[in-house]
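Commentary on secondary and tertiary structure
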Amino acid sequence: MGVDYYNILKVEKNATEDDIKKSYRKLAMKWHPDKNPNDKNEAEARFKQISEAYEVLSDPQKRAIYDQCGEEGLKDMPPPGSGGGGVGTKGFNPRNADDIFAEFFGTSPWAFGSSGPGRSMRFNSDGGGGMFGGFGSTDNIFRTYNEGAMKKPPPVESKLPCSLEELYSGSTRKMKISRTVVDTNGRQVPETEILTVEVKPGWKKGTKITFPDKGNGQANQLPADLVFIIDEKPHNRYKRDGNDLVLSHKVTLAEAIGGTTVTIETLDGRELSIPVTDIVSPGYELAVAMEGMPITKGPGNRGDLRIKFEVQFPTKLTADQKAGLRSVLEG
């Protein structure tokens, strides 16, 4: 079939008129050369392809010929107004991509069409004749532009509570959102969508995940971005301190003096047996290397697990026990 217009426009072959308009709106905004100043060559090529695909698929006659005969069938179409008997120039010659864009949006999202400071001349016709050379006054119905650029509202922010286990091992979260979008007729309509958030191991409270243009849409405005902000749920055993994990552990006086082994379950379900050979004094802390939180910017590295000990002193001792302890401690 040659060029696959359905694939270019990211629609199925049974796409409705609204599907085609919706897809063109999204792709044209994404690939417009003035929105891609750092890669204009690729953007211009994509923009032309998208516009050509829209021109064909939005026209029932062209679409029917394309579905039956492919791109070659379009080239054999008689020119408009030829009555089928045109000679020389073949019928289908794609329109200027900027003209299609201007006609579709009516009001330019970037206020094109003025020669003033900061304004684009992309919609000038190649044929001369003034700003829209080659177009009569009836065509200017589609060329009414705002005085200022189309504004983007502030991002919509929402907290994403995560357990410490999720931030330790990573997780995939499915978030159902409800928002309003502007349809092809300029009306606000409700829409629901499932967004996937890949929570990376080691992410911290305050980490932001941005979904461009997934906020509410309003007429004559760009859609807002949707931002999820990681929030850390309290844990019943562990506390996080940067990249370290902190755990409190109680030992008896006998264990503090005579040594002990601490058994700990990690956040990913492993069991650690940690020997304590030092005398545990008040405020004593034992660091276990590489058993803390993953370090996002240092793959394979982790913080420490810091165990803070609390010594439990006996509430009662017999006279003999006191004497025995005094004898041992005084040497």
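Residues numbered from 1 in each chain as written. Predicted model: local features only at pLDDT ≥ 70, side-chain atom pairs only at ≥ 80, totals over all residues. Heavy atoms only, no water.

Spatially, 6-7-11-10 is the arrangement adopted by the 4 strands of the open sheet, whose pairing is mixed. Edge positions in the open sheet fall to strand 6 (238-241) and strand 10 (285-288), since each of these has one partner strand only. Taken pair by pair, the neighbouring strands of this sheet meet at an average axis angle of 30°, ignoring direction. Two strands pair when backbone bridges link them, and strand 10 and strand 11 (residues 305-312) are joined in this way by 4 bridges, in the antiparallel orientation. By the bridge assignment, A287 is partnered in strand 11 with R306. (Pairing = 2+ DSSP bridges. Helix = DSSP H or I, 4+ residues; strand = E, 2+ residues; numbered from the N terminus. Axes fitted to C-alpha atoms, helices over the stretch in contact; angles between N-to-C directions.)

Now for the nonpolar core. Soluble globular proteins tend to bury their nonpolar side chains together. F228, L305 and F309 are the most contacted members of the largest nonpolar core, which totals 36 residues. Considering each element in turn, this core owes the most residues, 4 residues, to strand 11. Listed in part, the 28 residues of the second largest apolar core include L9, M29, W31 and F105. (Core = buried A, V, L, I, M, F, W, Y, C linked by side-chain atoms within 4.5 Å. Buried < 20%, exposed > 50% of the residue type's maximum accessible area, 1.4 Å probe, protein only.)

What follows concerns the pattern of salt bridges. Here the idea is simple: oppositely charged side chains can pair when their charged atoms come close. Under the criterion given, the structure shown has 21 salt bridges. Residue E17 is joined to K21 by a salt bridge in which the shortest nitrogen-to-oxygen separation is 3.4 Å. With a gap of 4 residues between them, E17 and K21 both fall in helix 2 (residues 17-31), about one helical turn apart. Take E17: its relative accessible area is 53%, and that puts it in the exposed class. A salt bridge links R270 to E291, with the nearest nitrogen and oxygen atoms 2.9 Å apart. Remark: E291 occurs in the loop between strand 10 and strand 11 and R270 occurs in the loop between strand 8 (260-265) and strand 9 (271-276); sequence separation between them is 21 residues. Residue R270 is classed as partly exposed on the basis of its relative accessible area, which comes to 33%. Judged by its relative accessible area of 16%, E291 is buried. (Salt bridge = Lys/Arg side-chain N within 4 Å of Asp/Glu carboxyl O.)

This part is about the environment of A45. In this structure, A45 sits in helix 3 (residues 40-57). A45 sits 12 residues away from P33 along the chain, and the two C-alpha atoms are 9.0 Å apart.

As a further point, take the layout of surface pockets. Approximately 1,200 Å³ is the volume found for the largest pocket. Lining the largest pocket are 40 residues; nearest its centre among them are K22, R25, K26, V182 and P223. Breaking the lining of the largest pocket down by element, the ones donating at least two residues are helix 2, helix 5 (97-105), strand 2 (171-182) and strand 3 (188-199). A per-class count over the lining of the largest pocket returns 14 nonpolar, 10 polar and 16 charged. Roughly 200 Å³ of internal volume is contained in the second largest pocket. Along its surface, the second largest pocket is lined by 12 residues, and E44, K48, N96, A97 and D98 are the ones closest to its centre. Contributions of two or more residues to the lining of the second largest pocket are made by helix 3 and helix 5. Per-element accounting of the lining of the second largest pocket gives the leading share, 5 residues, to helix 3. (1 Å grid on protein atoms, 1.4 Å probe; cavity = no way out; pocket = protein on both sides within 12 Å on 5 of 7 lines; lining within 4 Å. Points joined across faces, edges and corners; volume = space filled by probe spheres on them. Nonpolar A, V, L, I, M, F, W, Y, C, P; charged D, E, K, R; others polar.)

Running from N to C, helix 2 and helix 3 cross one another at 165°; their axes reach a closest spacing of 9 Å. Relative to helix 3, the element helix 2 lies roughly antiparallel. For the pair helix 2 and helix 3, the crossing hand works out as left-handed. Residue-level contacts link I20, K21, Y24, L27, A28 and W31 of helix 2 to E42, A43, R46, F47, I50, S51, Y54 and L57 of helix 3. For the contact of helix 2 with helix 3, the per-class residue count stands at 10 nonpolar, 1 polar and 3 charged. (Parallel < 35°, antiparallel > 145°, perpendicular 65-115°, else oblique. Left-handed = near helix turned anticlockwise from the far one by under 90°. Contact = heavy atoms within 4.5 Å.)

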